Structure formats: C-alpha cells, structure tokens
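Single-letter residue listing:
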Amino acid sequence: MTPTIEAQGLTKRFGKAVALDGLDLVADAGQVVAVLGPNGAGKTTFVRAVATLLALDGGALLVAGQDVRKRPAAVRRAIGLAGQFAAIEPAMTGRENLEMVASLFGQNRRTAKATAAAVLEQLGLVDAGDRLARTYSGGMRRRLDLGASLVGSPRLLLLDEPTTGLDPRSRIELWDAIRRLVNSGTDVLLTTQYLDEADHLASQIVIVDHGRAVATGSPTELKRQIGGEVAEVHVRNSRDLGTVAEMLGRIDAGVAEIDEATRRVSVRVDSRGDGLMTALRSVHTAGIEIDEIAVRQPNLDEVFLTLTERQPDTDRAARTARAAA
Amino acid sequence: MTTIASTLGSPATATSHHAGLAKSTLTVTRRALLRYVRTPQLIVLATVQMSLFFLIYRYMFGGAIHIAGLPYVDYLVPGFIATGVLFSGIGSSAAMAEDLEQGLIDRLRSLPIPRASVLAARALADTALVAWSTAFTAAIAFAVGFTLHGSALDGLAAFGLVIVFGFAFEWLFIAMGLFAGNAQAAQGMGMIVFPLAFVSSAYVPISSMPTWLQVFAKHQPLTYMVDTVRALTLGPHAHALLGHPSSYFLTRALIWTATIIAVSLPVAIARYQRG
C-alpha cells in the first residue's frame, strides 16, 4: 500500500525565516504518526503543506499517492484538517456546522443531516448538538472541530496541536476520540509539543527541529535512545551550587546543569540510580543543605538536547544569567 | 464510527465528492448571513450609528449648506446612501480578516470546493447587508422629508444601482481584508474610505472645494455613483443641478464598477489561493 505521506527534502521560507529546511518524512498507511517539536520547529508549516494550504519552495510531497502541487483537489478529497484554532462558526449550532461541511462535500440535505447526526454521536456532542457553538467550552469546540474534519470520511486526518490549551480532562476526552478514530482505521498525522501526547497516541514519532526531522521511531525506540531519567537537586544556599554540580557531574560522566535562578542542579542518571545514591551521600557528608530532591522523566527540552546533540541550551543559560544579574 | 462509515458509504455520497461553485457559494453565504442574524448587536449598532450620522447631516450641517433650488435633504440622501456602501465595506473587510485569523478559511480551503466560492459567499452576504442598510436609510430618509422628484421606477433603479456599486466595492474590501490578515489592521486600512467619501459630491457640491481637490472629486468613482443616484431621484431638477443627463453619470459609474471588480476580484482570488 502506498504510504499516506511521502515528503522529501521539503523547504519553505517566510521572508528570512526558514520554516522547513529539507524535511524528510514517510508515514506508512495504517498508522498514527506524531510530529513532535518545539514552537517554531516547522510542524504547522508541514501540516499546512500537506493540507495544500501553502506553496512549498522545494522538495517533493505526495499525500495519499497524489502530488500536492499537481493534484491538490485529489489531496483535498483524501484529507480532513483540524488546525490549531477551532475552525468552526460560533454563530451556528454544532449540528449546523457539521451539516455545512457535509454539504460542501456535495452531500444532499438528507445525507448531510445523517452525517452530522452520526458525527455528533461519535464525538459525544449529541446533547449540545443544537446549541450555538459559541456557548461551547474549549474542549467541546475542539471536538466539534475534529468532527468537522471527519465529515468527508478522510483517508488521512491532519491534527495540528489538537490539545494545546485544553485542560487535562478535555485533553483526555479528545485523546479518547482520536483513539477511537484510529481503531476504526483512519490514518492520523498529528503535531504536538507534548511527549506524552505522542506517546499515548502515536505508533511512529518524528522529531522535528529547525525545519528538519532529527529522529524517527516508535515511542519505545526513541525512549531507548533518550534513556534514563533526570535528577534535580534544589539547594538551600546558592553558594553550594558549584560544589553540588561538581559532585553530581561525576555520575555516569554526565554534565550537571546549574540553574542559578531556582538554585537547582540537574543531571542525567540511569534508571538504577546507583551513581546518584553515591553522589547524594557525598553531598550529605559535605553538610550541604538541600531543599528538595526529585527524579523525573526527561522533559522535551532534554529529549531535544539528547537527540540533536546540542550543547546545553544557550537560551536557557542566557536566561539564567540574566535572572542572576 | 461504524455509523459514520455506513452513512458516508451510502450510494448518495459515493457519487459526489464535493459541491460545485453554486452550491458551495450558497452554503458558505448562508453561514455568513446566519452570523449576522444571530449576532444582532453587530447590525443594530451599525444601523443606529448610520442613522445618527444621517440625522446629524440632515439637521446640523444641513442648515449651513445651501443648494440652489433644492432642499438639502433631497441633495443629501443620494450622497449619503451611495457613500454608505463604503462604510459597510469596512465591516466586510474586517469580517474577511477575522475568518482568516480564526482558521475558518483554512478549513474551507482544505475542502475540495472551488476556491472562488468562499470569497463569492462573502461578497454576496455583505451585499445583502448593504441592501438592508440602504433600505433602512431610505426609510428614515422618507420619514424626515426626502422626496423622489422622478418616478418610483427611477427610485427603484437608483436603489438597485446602489446595491450593484456595493457589490463592486465588496471585492475591493475583501481583497483588503485578505491582505490585512487581522481584523484590526483591516479596520485601519478601511481609512481609505474617508477621502473617497468626503472628497466627492456626496455631502457638498464639488464647486465649493479648492480647485486642486475638484480634479480628484470630479472623477473618482463615488462621485459618478452618487450623481447617478441623484439623476434618478431628482427628476426634472437633475439636469440643471448636475449639468449632464443621467446617462452621462450612469455610463461612467458603470465603467468604474466594472473596473473595480476587474481589478479587485483577481487580486483577491490570487491572494486567497496563495494562502
């Protein structure tokens, strides 16, 4: 079966800013692919290119086997898009919104009504279906938006940061809705800034930074690459930061990072934590006062640092320096 | 999802995958109109504001402006009504920019429908709004002493022409809204309305302006449009006041109308396509 998306060397500039810088990506059919990356990584630009909403400067992009440049109409028939904003008409009811999209797909009145009813049912919006969408909560708007993208029964669903800005409960509800779709056989490409979101939903993750794909793999594969956990030690007196950093730095030959502003030292450790125990013992012996110790999963920043093999983030160092000054 | 799949898999939809130009235009027009109807404060405010301005011109400035052989109200109403299409245009420009900003346009552009339909829908819906406000102002005008000196049929023709002029200007404002990208910028760009509205024959005779302004005022589209409407509502007074028969203004107004559409429409569509 042809891959749902085949992107090769995509480039796109906006004035001087480079949004896509040779992005390669292949999304196989029957999968949920998550494009993971920080703000400004090029995620939205990529989705907009797949959705035929912008003209690429270079590269080749096939969606459902069709060239986005040569056959945009065929691509549009194959996709459903739910963007970063809930693209619904607030002055219409949920049902009317869905019926509008259905009739734009050429459905007659009766079929459009049936489709709208089915989508409302599917997304748990039956009770709110006849209320104006402007009375909906943020989560309901996103679900309606997702519903609108399903009306054309797309082969590929494009979700651009579907849960950004939602409260945890709405987020989980939306995840459930997406998972049900996936089970029913819709291919999904979603972008997200959240590692856990990609982890929950996707079978393939593509990490994007500065307009390029920097890593690709299943969640398990990527975690294996990232490995370990992060230990954070929060000291009482900032004069101890240097000593603690030096002691923690001995663990697994890691580099300890100092954040002056929050009096925190953080370091990568392996899951068994032997080295950490030893290091903490020497901190204790040195009589250094400690407010808090935490061991946590690496956050997205750290994942990026690892995968892009960059030196500790210069932005953050600059911020820390400013805060300390 | 099984329900959706079975609904969508039915023969009725299997044959048609998208709506044609007419159907998609009407569907999107309905949406824009519903938004106006269901957000009545938008229309009410705009209507009240326009009526207030009309009454100010009629009763405040009207006393100071003398038109030979004609009550000022009969001079003012055609000017005020024809100029009104420009002021409604600012609203459509902002509405277009807002749709763009809120992502609705992205959704519509990702659908397999003719792309011109979304813009055509905006033009139609806002022309309907122009028709409404023109009718409303005309009603107030009659209530404060405006009279048709020509036939009722001429009056209706004048009404129809105002709508046609409005439709043409809609395309200019749609293009502006697309370039502005957000509603505030679109409102700001709407400022171009002021020289067009005031440096025209709409409120005062052009002969009262400095000579250098007269050049612009005489030939700009709005003056021809205003004077076309005047020629139709002033009946026998028209020729004496305007110096030309109505056909003179009508042809020029229609040439301008065609020019505005011929320039703005392709620009708007090109901008919309580019995304």
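Reading guide: rules and limits
Residues numbered from 1 in each chain as written. Chains lettered and ligands numbered in written order. Predicted model: local features only at pLDDT ≥ 70, side-chain atom pairs only at ≥ 80, totals over all residues. Axes fitted to C-alpha atoms, helices over the stretch in contact; angles between N-to-C directions. Helix = DSSP H or I, 4+ residues; strand = E, 2+ residues; numbered from the N terminus. Parallel < 35°, antiparallel > 145°, perpendicular 65-115°, else oblique. Left-handed = near helix turned anticlockwise from the far one by under 90°. Contact = placed C-beta atoms within 7 Å. Nonpolar A, V, L, I, M, F, W, Y, C, P; charged D, E, K, R; others polar. Pairing = 2+ DSSP bridges. Buried ≥ 20, exposed ≤ 12 C-beta atoms within 10 Å, placed from the backbone. Core = buried A, V, L, I, M, F, W, Y, C linked by C-beta atoms within 7 Å. Expected span 1.5 Å × (residues − 1). Arc of directions from axis to C-beta. pLDDT = per-residue confidence, 0-100.

Residue and element names in this part refer to chain B. Running from N to C, helix H8 (residues 152–180) and helix H12 (residues 221–233) point in directions that differ by 165°, and their axes come no closer than 8 Å. With respect to H12, the axis of H8 lies roughly antiparallel. Crossing of H8 over H12 shows left-handed handedness. For the pair formed by H8 and H12, the contact residues are Asp 154, Gly 155, Ala 157, Ala 158, Leu 161, Val 162 and Phe 165 on the first element and Met 225, Thr 228, Val 229, Leu 232 and Thr 233 on the second. When the residues that make up the contact of H8 with H12 are grouped by side-chain class, the tally is eight nonpolar, three polar and one charged.

Attention now moves to the sheet that holds strand E10 (residues 212–217) of chain A. Residues and elements named next belong to chain A. Sheet architecture is open: six strands sit in the order E6-E7-E8-E3-E9-E10, paired in mixed fashion. The two strands at the open ends of the sheet, each matched to only one other strand, are strand E6 (79–82) and E10. Within the sheet, the average angular offset between the axes of one strand and its neighbour, ignoring direction, is 15°. Bridge analysis of E6 against strand E7 (residues 156–160) gives four bridges, and the strand direction is parallel. Bridge pairing links Ile 79 to Leu 156 in E7. Against the sheet, helix H5 (residues 138–150) touches E6 and E7, its axis set at about 165° to E6.

Leaving glycine aside, a negative phi is the common case for residues, and trans is the common case for peptide bonds. Residues and elements named next belong to chain A. Even without a glycine there, the phi angle at Thr 52 is positive, about 65°. If you trace the backbone, Thr 52 turns up in the loop between helix H1 (43–50) and strand E4 (58–63). Among the residues examined, Thr 52 registers 24 C-beta atoms within 10 Å and is labelled buried. One non-glycine residue, His 210, adopts positive backbone phi at about 50°.

So, on to the nonpolar core. The biggest cluster of nonpolar side chains holds 146 residues, and the ones touching the most others in it are Ala 34, Val 50, Val 63, Leu 158 and Leu 189 of chain A together with Ala 82 of chain B. Ranked by residue count, the leading element in this core is helix H5 (residues 72–101) of chain B, at 15 residues. If you look at the next biggest cluster of nonpolar residues, it comprises 15 residues, including Val 233, Val 235, Ile 251 and Val 283 of chain A.

Residues and elements named next belong to chain B. Across its 20 residues, helix H4 (residues 40–59) extends 28 Å between first and last C-alpha, which sits within 8% of the 28 Å expected from 1.5 Å per residue. Listed as buried for H4 are Ala 46, Phe 54 and Arg 58. Down the axis of H4, the smallest arc covering the buried residues is 105°, so these residues share one side. The outward face of H4, more than 90 degrees from its buried face, is lined by the exposed residues Gln 41, Val 44, Leu 45, Val 48, Gln 49, Leu 52, Ile 56 and Tyr 59.

Reading predicted coordinates in detail is not appropriate for stretches of low pLDDT. For chain A, per-residue confidence averages 85 on the pLDDT scale, and residues scoring 70 or more make up 89% of the total. pLDDT under 50 marks residues 310–325 of chain A. Its contacts with residues more than four places away, or in other chains, come to 14 contacts.

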